[in-house]
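Residue-level structural notes
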Amino acid sequence: MSDSVVLRRCPRCNLKLVDKTIECPLCHGVVETEDGDDIDRMNEIPESVTYPDVSEKMRLLRLFIRIVIFAAIVAMVTVCIVNYYTFSGVYWSLIVIAGLLYCIITLLYCVRVRRSMQRIIQVQMWLSMIFVVILDHLLGYKGWSFEYAIPITLVAIDVAMVVFMVLGIRGWQSYIMTEIVVFVVSIVLLILGIAHKVDGSTFTLITAVLTGFILLGTVMFGSKKITNEITRRFMI
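Let us look at the structure shown here. Model, not experiment: these values are computed from the prediction. (Residues numbered from 1 in each chain as written. Predicted model: local features only at pLDDT ≥ 70, side-chain atom pairs only at ≥ 80, totals over all residues. Heavy atoms only, no water.)

Moving on: the overall build of the protein chain. If you tally the helices and strands in the protein chain, you get 7 helices and 3 strands. Counting from the amino terminus, the protein chain carries its helices and strands in the arrangement β-β-β-α-α-α-α-α-α-α. With 236 residues in all, the protein chain has 37% of them scored as buried. Of the contacts formed within the protein chain by residues at least 6 apart in sequence, a portion of 58% connects residues at least 24 apart. For the protein chain, the accessible area works out to roughly 14,700 Å², and carbon and sulfur atoms hold 67% of it. (Helix = DSSP H or I, 4+ residues; strand = E, 2+ residues; numbered from the N terminus. Buried < 20%, exposed > 50% of the residue type's maximum accessible area, 1.4 Å probe, protein only. Contact = heavy atoms within 4.5 Å. Areas by Shrake-Rupley, 256 points an atom, 1.4 Å probe, with all protein chains shown as cover.)

Structure follows, in structure tokens:
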């Protein structure tokens, strides 16, 4: 085989490769040359290397998912124990468990689906907030949905964005719009709390400050890609 570069392609992922790998780094299937010949049919089996280098990032992502699931299981057991020893006729632990399961399913779905992760996360964010507000009203409205549940949801989404950016799951610019939406919602929630339109707390202020710092950090450290994405989105 000549020393010239042979362009290879994964028929399943439609990923084009320019090195001497014999398997797709994403699905681990056999790659083909651009003219459709299997690598195994060539006279020389090239050295297998990973391209692009995604194995380490995927291992970190799987570790992160395991940590989240483990923390959720610990939280489920904890709230069951607390609910048992402080039982007053309300099985509120079932609500918490349902919410944690929903978060886990959402996380797994966002990671596995290759389409617009940003859109998926935003849709799940709005559905989660609507769900907790409705649930709060069904239970007699104690105000916990605006004081704690929605702020915790916003912080959790922003922290997840930071983890995805650090692990390199899509580019940093893929999450900037979600961070902007989260920050705006936290500011609106803070203003409504100050105006006594909804129940607010110190945690609401902390949420606005934290989401603001995360957004600022993303813009400052996200290089030219972030500013280009903001310019493209807002036509500035």
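Having seen it, we continue.
Grouped together as the largest cluster of nonpolar side chains are 25 residues, with contacts concentrated most on F64, I150, L154, M161 and F164. For this core, the secondary structure elements donating two or more residues are α1 (55–85), α3 (117–138), α4 (144–167) and α5 (176–194). Broken down by element, the residue count for this core peaks at 11 residues, all from α4. Non-local contacts of M161, meaning those with residues more than four positions away in its chain, are made with I121, Y175, T178 and E179. Membership of the second largest hydrophobic core comes to 6 residues, among which are M177, I180, L215 and I230. (Core = buried A, V, L, I, M, F, W, Y, C linked by side-chain atoms within 4.5 Å.)

This brings us to helix α7 (residues 223–234). Helical geometry: 3.6 residues make up each α-helical turn, so side chains three or four residues apart lie on a common side. With 12 residues, α7 should reach 16 Å at 1.5 Å per residue; the first-to-last C-alpha distance of 18 Å fits that figure. Of all the positions in α7, only I226, E229 and I230 are classed as buried. Burial along α7 is one-sided: seen end-on, the buried residues are contained in an arc of 100°. Buried-residue contacts for α7 involve α5 and α6 (202–221). (Expected span 1.5 Å × (residues − 1). Arc of directions from axis to C-beta.)

Axis separation between α4 and α5 bottoms out at 10 Å; the angle between their running directions is 160°. Compared by their axis directions, α4 and α5 come out roughly antiparallel. In this structure, the crossing between α4 and α5 has a hand that is left-handed. In this structure, α4 contributes F146, I150, P151, L154, I157, D158, M161 and M165 to the contact, and α5 contributes T178, E179, V182, V185, S186 and L189. (Axes fitted to C-alpha atoms, helices over the stretch in contact; angles between N-to-C directions. Parallel < 35°, antiparallel > 145°, perpendicular 65-115°, else oblique. Left-handed = near helix turned anticlockwise from the far one by under 90°.)

What follows concerns unusual backbone geometry. You will see that Y141, though not glycine, has its phi angle at about 50°, which is positive. A positive phi angle, near 60°, is found at H196, a position not held by glycine. With respect to the helices, strands and loops of the structure, H196 is situated in the loop between α5 and α6. Residue classification places H196 among the exposed positions, given a relative accessible area of 70%.

On the surface, L205, V209, F213, L216, M220 and F221 cluster together into a nonpolar patch covering about 670 Å² of accessible area. Among the structural elements, L205 can be located in helix α6. (Patch = residues over 30% accessible without salt bridge, like charges linked within 9 Å, V, L, I, M, F, W, Y side chains within 5 Å. Salt bridge = Lys/Arg side-chain N within 4 Å of Asp/Glu carboxyl O.)

As a further point, take the side chain of E179. Among the secondary structure elements, E179 is positioned in helix α5. Only 2.8 Å separates the side chain of E179 from the side chain of T218, close enough to count as a polar contact. Discounting residues that sit within four places of it in the chain, E179 has contacts with D158, M161, M165, I214, L215 and T218. (Polar contact = N/O pair within 3.5 Å; in protein donor to acceptor, adjacent residues only side chain to side chain.)

Once that is clear, we can look at the packing of α4 against α6. Helices that pack against each other are described as a pair by the angle of their axes relative to one another and the distance between those axes. Direction vectors running N to C along α4 and α6 enclose 20°, while the axes themselves pass 9 Å from each other. Between α4 and α6, the interaxial angle falls into the category roughly parallel. Where α4 crosses over α6, the two elements pack in a sense that is left-handed. Contacts between α4 and α6 pair F146, E147, Y148, P151, I152, L154, V155, D158, V162 and M165 from the former with F203, T204, T207, L210, T211, I214 and T218 from the latter. Looking at side-chain class alone, the contact of α4 with α6 contains 11 nonpolar, 4 polar and 2 charged residues. (Nonpolar A, V, L, I, M, F, W, Y, C, P; charged D, E, K, R; others polar.)

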